[in-house]
Amino acid sequence: ALDGIPHQQKIKRKPEGVGAEMKAASCGVTRILLQLDIMEGAEAMASKPYYNEYGAGCSVVLRLLTPWKYKNKVVIADSAFSSLLTLIALWCLFGTFFMGIVKTAHTHFPLDVLRQWFNRTEAERDRNDNRGEWAVFTTTFKNRISPRDPLRADRNFSVMAVCWADRKPKCIISNWSN
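These lines cover the structure that appears in this document, whether it is placed above or below.

Parameters at a glance
- Residue positions are counted from 1 within each chain, in the order its sequence is given.
- In view of the model being predicted, local features appear only for residues whose pLDDT reaches at least 70, and side-chain atom pairs are presented and counted only at 80 or more, with totals across whole chains, interfaces and linings using the full set of residues.
- The basis for every side-chain value is the complete set of heavy atoms in the structure, and neither hydrogens nor water enter the calculation.
- Whenever Lys or Arg places a side-chain nitrogen within 4 Å of a carboxyl oxygen from Asp or Glu, that contact is recorded as a salt bridge.
- To qualify as a helix, a DSSP run of H or I must reach at least 4 residues; to qualify as a strand, a run of E must reach at least 2; elements of each kind are numbered from the N terminus.
- When a residue's accessible area, from a 1.4 Å probe over protein chains only, is under 20% of the maximum for its type it is buried; when over 50% it is exposed; and in between it is partly exposed.
- Between the rings of Phe, Tyr and Trp (Trp by its six-membered ring), a pair exists once the centres lie within 6.5 Å; its type follows the angle of the planes, with under 30 degrees stacked, over 60 edge-to-face, and the other angles tilted.
- Note on terminology: a nonpolar core comprises buried Ala, Val, Leu, Ile, Met, Phe, Trp, Tyr and Cys residues joined through side-chain atoms within 4.5 Å.
- Here a residue-residue contact requires only that any non-hydrogen atoms of the pair lie within 4.5 Å.
- N or O atoms within 3.5 Å of each other form a polar contact, as long as, within protein, one can give a hydrogen and the other can take it, and as long as residues adjacent in sequence are counted only when both atoms are side-chain atoms.
- Helices are assigned an expected span. That span is 1.5 Å times one less than the residue count.
- Note that the bend at a residue is defined as the angle between axes fitted to the seven residues ending at it and the seven residues starting at it.

### What to know about the pattern of salt bridges
At step 1: A complete count under the given rule lists 4 salt bridges for this structure.
At step 2: In this structure, Asp37 engages Lys48 in a salt bridge whose closest nitrogen and oxygen atoms are separated by 3.4 Å. Pair noted here: Asp37 is in strand S4 (residues 33-38) and Lys48 is in the loop between helix H1 (42-46) and helix H2 (51-65), with a separation of 11 residues, a long-range link. For the pair formed by Asp37 and Lys48, the shared burial category is buried.
At step 3: Linking Asp37 and Arg63 is a salt bridge whose minimum nitrogen-to-oxygen distance equals 2.8 Å. Taken together, the positions of Asp37 in strand S4 and Arg63 in helix H2 put the pair 26 residues apart, joining distant regions of the chain. The burial state of Asp37 is the same as that of Arg63; both residues are buried.

Next up, the structure:
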């Protein structure tokens, strides 16, 4: 029997600082909490499923969504989990769409190009208060790891990089829409 929480840690970025850190998946329609993943020490986390192949952020998303493989779902994530790697892994392994805001996990994401677009048009927006403009770049990737449909594994799938102009640029990655 456990006495207290299974893993307690000091979390510097949190105001209260000591406790258990958990990641959650929730249904946006019913507002029901679907799944929890308890964050443990680095060694314990490295031994969890998907960690070796996909790293910390992406592996959390994959573990949380495993029960909903091929259920025609959409993941909407914050910046802690948003990356091209997460988008591709969710689509190829689970057939699940993804949308998320990109801040730091921008490998293979045109963040610099989108920021340049934002900076070029910022003066015009400030002059006319035209917030809400946006730019979209679209590319494709090949699904070469699908366990569900190996005969169609070389089909191209679209992915979009979007920059929405607010006071600061909001960069989004998605394969959910056209």
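On we go from here.
### What to know about the packing of aromatic side chains
At step 1: Evaluation of the coordinates by the stated rule reveals 5 aromatic pairs.
At step 2: Both rings, one in Tyr50 and one in Phe94, keep their centres 6.2 Å apart while their planes meet at 75 degrees; by these two values the pair is edge-to-face. With a gap of 44 residues between them, Tyr50 in the loop between H1 and H2 and Phe94 in helix H3 (residues 84-94) connect regions that are remote in the sequence. Considered together, Tyr50 and Phe94 belong to a single accessibility category, that of buried residues.

### Here's the deal with the nonpolar core
At step 1: Core analysis: the largest hydrophobic core is formed by 39 residues, its most contacted members being Leu62, Leu65, Leu90, Phe109 and Ile173.
At step 2: Mapped onto this core, the elements with two or more residues apiece are H2, strand S5 (74-77), H3, helix H4 (111-128), strand S7 (134-142), strand S8 (156-165) and strand S9 (169-174).
At step 3: Ranked by residues supplied to this core, first place goes to H3 with 8 residues.
At step 4: With residues up to four places along the chain from it excluded, the contact list for Phe109 reads Val102, Leu114, Ala161, Cys171, Ile172 and Ile173.

### Brief notes about the side chain of Ser82
At step 1: Relative to the helices and strands, Ser82 resides in the loop between S5 and H3.
At step 2: Within the structure, Ser82 has its side chain in polar contact with the backbone oxygen of Asp78 (distance 2.8 Å).
At step 3: Separated by 3.2 Å, the side chain of Ser82 and the backbone oxygen of Ile101 make a polar contact.
At step 4: When sequence neighbours within four positions are dropped, the list of residues in contact with Ser82 reads Ala77, Phe98, Gly100, Ile101, Val102 and Ala105.

### Quick look at the environment of Leu33
At step 1: Along the chain, Leu33 turns up in strand S4.
At step 2: Leu33 sits in the partly exposed class, given a relative accessible area of 47%.
At step 3: Excluding residues that lie within four positions of it along the chain, Leu33 makes contacts with Ala24, Ala25 and Ser26.

### Notes on H2
At step 1: Compared with an ideal rise of 1.5 Å per residue, which puts 15 residues at 21 Å, H2 spans 14 Å between its outermost C-alpha atoms and falls more than 12% short.
At step 2: Of all bends in H2, the biggest is about 100 degrees, found at Gly57.
At step 3: Buried residues belonging to H2 abut strand S3 (22-26), S4, H1, S5 and H3.

### Focus: unusual backbone geometry
At step 1: Look at Tyr50: it is not a glycine, yet its phi comes out positive at around 75 degrees.
At step 2: A positive phi angle, close to 65 degrees, is found at His108, a residue other than glycine.
At step 3: Assignment of secondary structure puts His108 in the loop between strand S6 (97-101) and H4.

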